[in-house]
Amino acid sequence: MRRLLSGLADLLFPPRCAICGTSTERDGFCDNCLAQVSFIGPPMCPRCGLPYPVEDGVDHLCGDCLKGGQHFSVARSVGIYKD
């Protein structure tokens, strides 16, 4: 029954890319937009998630987080969209 309802929902509301709005075969992003996303990984600031331009290194607080004043303890993004 669940599969039938899912298929009906896809027929009435086809999956679309969350970035560009084109039709996709799956929920989320189309292949073209997904290729434009650079996923964030270490090294980065452990508080705000700002990625550092070097590929090797250890996580450490960025300058803004060292200054303080943020009203959050941790923030993260999955990636950076290049377009």
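Fair warning: this is a prediction, and the values are worked out from it, not measured in the lab. (Residues numbered from 1 in each chain as written. Predicted model: local features only at pLDDT ≥ 70, side-chain atom pairs only at ≥ 80, totals over all residues. Heavy atoms only, no water.)

Note: disulfide means a covalent bond formed between the sulfur atoms of two cysteine side chains. Per the counting criterion, the structure on display carries 0 disulfides. With no disulfide of its own, cysteine 62 has cysteine 65 as its nearest cysteine by sulfur position, at a separation of 3.7 Å. Looking at the unpaired cysteine 65, the closest cysteine sulfur is the one in cysteine 45, lying at 3.6 Å. (Disulfide = S-S within 2.5 Å.)

Time to look at unusual backbone geometry. Of note, the amide linkage connecting proline 42 to proline 43 takes the cis form, showing an omega dihedral of 0°. With respect to the secondary-structure elements, proline 43 resides in the loop between strand S1 (37–39) and helix H3 (63–67). (Helix = DSSP H or I, 4+ residues; strand = E, 2+ residues; numbered from the N terminus.)

Here the focus is the pattern of salt bridges. As enumerated under the stated definition, the model contains 1 salt bridge in all. Lysine 67 serves as the salt-bridge partner of aspartate 64, at 4.0 Å between the closest nitrogen and oxygen. Taken together, the positions of aspartate 64 and lysine 67, both in helix H3 and 3 residues apart, correspond to about one turn of that helix. For lysine 67, a relative accessible area of 70% translates into the label exposed. (Salt bridge = Lys/Arg side-chain N within 4 Å of Asp/Glu carboxyl O. Buried < 20%, exposed > 50% of the residue type's maximum accessible area, 1.4 Å probe, protein only.)

This part covers the environment of cysteine 48. Its location among the elements puts cysteine 48 in the loop between S1 and H3. Between the alpha carbons of cysteine 48 and phenylalanine 72 there is a distance of 8.6 Å; along the sequence they are 24 residues apart. When residues no more than four places from it in sequence are discounted, the contact partners of cysteine 48 are Cys62, Cys65, Phe72, Ala75 and Arg76. (Contact = heavy atoms within 4.5 Å.)

Turning next to the side chain of threonine 24. Position of threonine 24 among the secondary structure elements: in the loop between helix H1 (2–12) and helix H2 (31–34). Dropping the residues within four chain positions of it, threonine 24 is found in contact with Pro15, Arg16, Cys17, Phe29 and Cys30.

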